[in-house]
Amino acid sequence: MAVTNRTGHAGRGTGRPTLEQVAAHAGVGRGTVSRVINGSPRVSEETRSLVEAAIAELGYVPNRAARALAANRTDAVALVVPESQDRFFSEPYFSHIVRGAGAGLAGTGMQLLLTLAPQGRERDTLAQYLAADRVDGVLLVSVHAGDPLPDQLAALSVPVVISGRRSADEPLAAVDSDNFEGAREAVAHLAARGRRTVATITGPLDVYGAQRRLDGYRSAVAGAGLDADPRLTAEADFSEEGGRRAMRALLDGRPDLDAVFAASDVMAAGARATLREAGRRVPGDVALVGFDDSAVARHMDPPLTSVRQPIEEMGRTMARVLLDEIATPSAPPRRPRIVLPTRLVVRESS
């Protein structure tokens, strides 16, 4: 004999409304209710409102433990950063990605597990952990060309979303900012300010985003008819010390340079220190532009003109895409490639 709950709807001998009852009450399918509960973006706002109203009216409470067990789920997502602790804690980009991903998972009941996995023993431990089905999906940040980790995860059938593609032909779901256009706009701004000998400090060129920023720099240099001397390009590693070293190399090769586009704010801070040591005024002698628009840019002296990329939005978008993959395990993965726009924020350094 069925038991009637407090709303008059029959439960399954427990007095609690079921997922099927919520679906019937809202006039949708069971899978749609599941997607709403799991925070999937593949539900219209109108349908989401109907389901949420049905949940509230029936007093439905998801039994997360039972649901996870039945669906072979862990209700956990790993955010994997294949970088050293030094880089993770010195680069503001990572903290903003973590904050955005956490916001994207808020209210879903999913735990966010942060893992640093540089090459070596940590990478082996991570592979073993993920192979044991300890998480439902992976958010992978800062991937270098040739890194086997994304393909290892795909081989394990673990849903994966990457922050930054490995190449133009990235086969996995990826969320990125428009690195090319951001760099192109930065250099065009310097040219419009009358700078003719514009140097650049790149990130490591085995990172696709760094390659695209260099491509954007070259496009703007060509478009404005600026000096394209190879000595105006120096590669670094996104660190402050890397920015210092690269700036010294640029001054040695082209002491007449009058502007620098650094592919991160942290490297721009290192370049600023070297310029000061060399007696060069910013922006009087050398205009300076960075990339990220982090707190570093706002607190520099003078405040740094920088390309703002929506880092927290990237983290939130990654989480939404991953939740969608997790919520529809039987469907072919969509694996979208999403590119978010950047914006130049002009300050006193240029």
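Throughout what follows, the structure given in this document is the object of discussion. What you see is a predicted model; the values in this text were computed from it and never measured. (Residues numbered from 1 in each chain as written. Predicted model: local features only at pLDDT ≥ 70, side-chain atom pairs only at ≥ 80, totals over all residues. Heavy atoms only, no water.)

### Digging into the sheet that holds strand E4 (residues 160-163)
Here six strands make up an open sheet; going across it, the order is E2-E1-E3-E4-E5-E11 and the pairing parallel. Edge positions in the sheet fall to strand E2 (111-116) and strand E11 (337-340), since each of these pairs with one other strand and no more. Averaged over neighbouring strand pairs, the angle between their axes works out to 20° when direction is ignored. Judged from the three bridges that link them, E4 and strand E5 (residues 173-177) form a sheet pairing that is parallel. When the bridges of E5 are listed, valine 161 appears paired with alanine 173. (Pairing = 2+ DSSP bridges. Helix = DSSP H or I, 4+ residues; strand = E, 2+ residues; numbered from the N terminus. Axes fitted to C-alpha atoms, helices over the stretch in contact; angles between N-to-C directions.)

### Describing helix H1 (residues 19-26)
Taken residue by residue, H1 has Leu19, Gln21, Val22, Ala23 and Ala26 as its buried positions. Along its buried surface, H1 packs onto helix H2 (30-37) and helix H3 (45-58). Positive backbone phi, approximately 75°, marks glycine 27, located one or two places after H1. (Buried < 20%, exposed > 50% of the residue type's maximum accessible area, 1.4 Å probe, protein only. Contact = heavy atoms within 4.5 Å.)

### Observations regarding the side chain of serine 142
Checked against the element boundaries, serine 142 lands in the loop between strand E3 (137-141) and helix H8 (149-155). By relative accessible area, which is 12% here, serine 142 ends up buried. Those residues in contact with serine 142 that lie beyond four places of it in its chain are Pro82, Glu83, Arg87, Phe94 and Ser163.

### Re the sheet that holds strand E6 (residues 198-202)
Spatial strand order, E7-E6-E8-E9-E10-E12: six strands in an open sheet with mixed pairing. Every interior strand has two partners, whereas the edge strands, strand E7 (233-235) and strand E12 (343-345), have only one. Strand after strand, the sheet turns through a mean of 20° between neighbouring axes, direction not considered. When strand E10 (residues 305-308) meets E12, the two strands line up antiparallel, connected through three bridges.

### Side note on the pairing of E3
Across the five residues that make up E3, a large majority, five, are buried. On E3, burial covers both faces: Gly137, Leu139 and Val141 on one face and Val138 and Leu140 on the other are all buried. As defined by bridge partners, strand E1 (residues 76-81) adjoins E3 across four bridges and the pair is classed as parallel. Residue pairing across strands places leucine 79 opposite leucine 139, the latter belonging to E3. As judged from the four bridges shared by E3 and E4, these two strands associate in the parallel manner. Across the sheet, the residue bridging to leucine 139 is valine 161, located in E4. A crossover connection joins E3 to the parallel E4 through H8; in handedness this β-α-β unit is right-handed. (Right-handed = clockwise from strand over helix to strand, strands pointing away.)

### Observations concerning the nonpolar core
Among the nonpolar cores identified, the biggest contains 45 residues, and Ile201, Met247, Leu257 and Phe261 are the most heavily contacted of them. Looking at this core, the elements that each hand over two or more residues are helix H9 (179-192), E6, helix H10 (208-224), helix H11 (240-253), strand E8 (259-262), helix H12 (265-277) and strand E9 (287-292). With sequence-adjacent residues up to four places away left out, leucine 257 is seen in contact with Thr197, Ala199, Leu232, Met247, Leu250, Leu251, Arg280, Asp285 and Val286. Tyr93, Val141, Ile326 and Leu340 belong to the second-largest nonpolar core, a separate cluster that totals 24 residues. (Core = buried A, V, L, I, M, F, W, Y, C linked by side-chain atoms within 4.5 Å.)

### Comments concerning the packing of aromatic side chains
The full count for this structure, using the stated rule, is four aromatic pairs. Consider the rings of phenylalanine 88 and phenylalanine 89, whose centres lie 5.0 Å apart with planes at 90°: the pair is edge-to-face. Exposure remark for phenylalanine 89: the relative accessible area of 63% places this residue in the exposed category. Seen in terms of ring centroids, phenylalanine 88 and phenylalanine 94 are 5.6 Å apart; in terms of plane orientation they differ by 25°. Their pairing is stacked. Each member of the pair, phenylalanine 88 together with phenylalanine 94, is buried. Grouping aromatic residues by their ring pairs yields a cluster made of Phe88, Phe89, Tyr93 and Phe94. (Phe/Tyr/Trp six-rings, centres within 6.5 Å; stacked < 30°, edge-to-face > 60°.)

### A closer look at empty space enclosed by the protein
On inspection of all chains with the given rule, the structure shows one cavity of 30 Å³ or more. Computed from the structure, the largest cavity encloses a volume of approximately 290 Å³. Looking at the largest cavity, it is lined by 22 residues, and the ones nearest its centre are Tyr93, Val207, Gly209, Arg213 and Phe238. At the level of secondary structure, the elements contributing two or more residues to the lining of the largest cavity comprise E5 and H10. With four residues, H10 is the single largest residue contributor to the lining of the largest cavity. Per-class residue counts for the lining of the largest cavity are eight nonpolar, eight polar and six charged. (1 Å grid on protein atoms, 1.4 Å probe; cavity = no way out; pocket = protein on both sides within 12 Å on 5 of 7 lines; lining within 4 Å. Points joined across faces, edges and corners; volume = space filled by probe spheres on them. Nonpolar A, V, L, I, M, F, W, Y, C, P; charged D, E, K, R; others polar.)

All quantities given are derived from atomic positions and should not be read as evidence of function.
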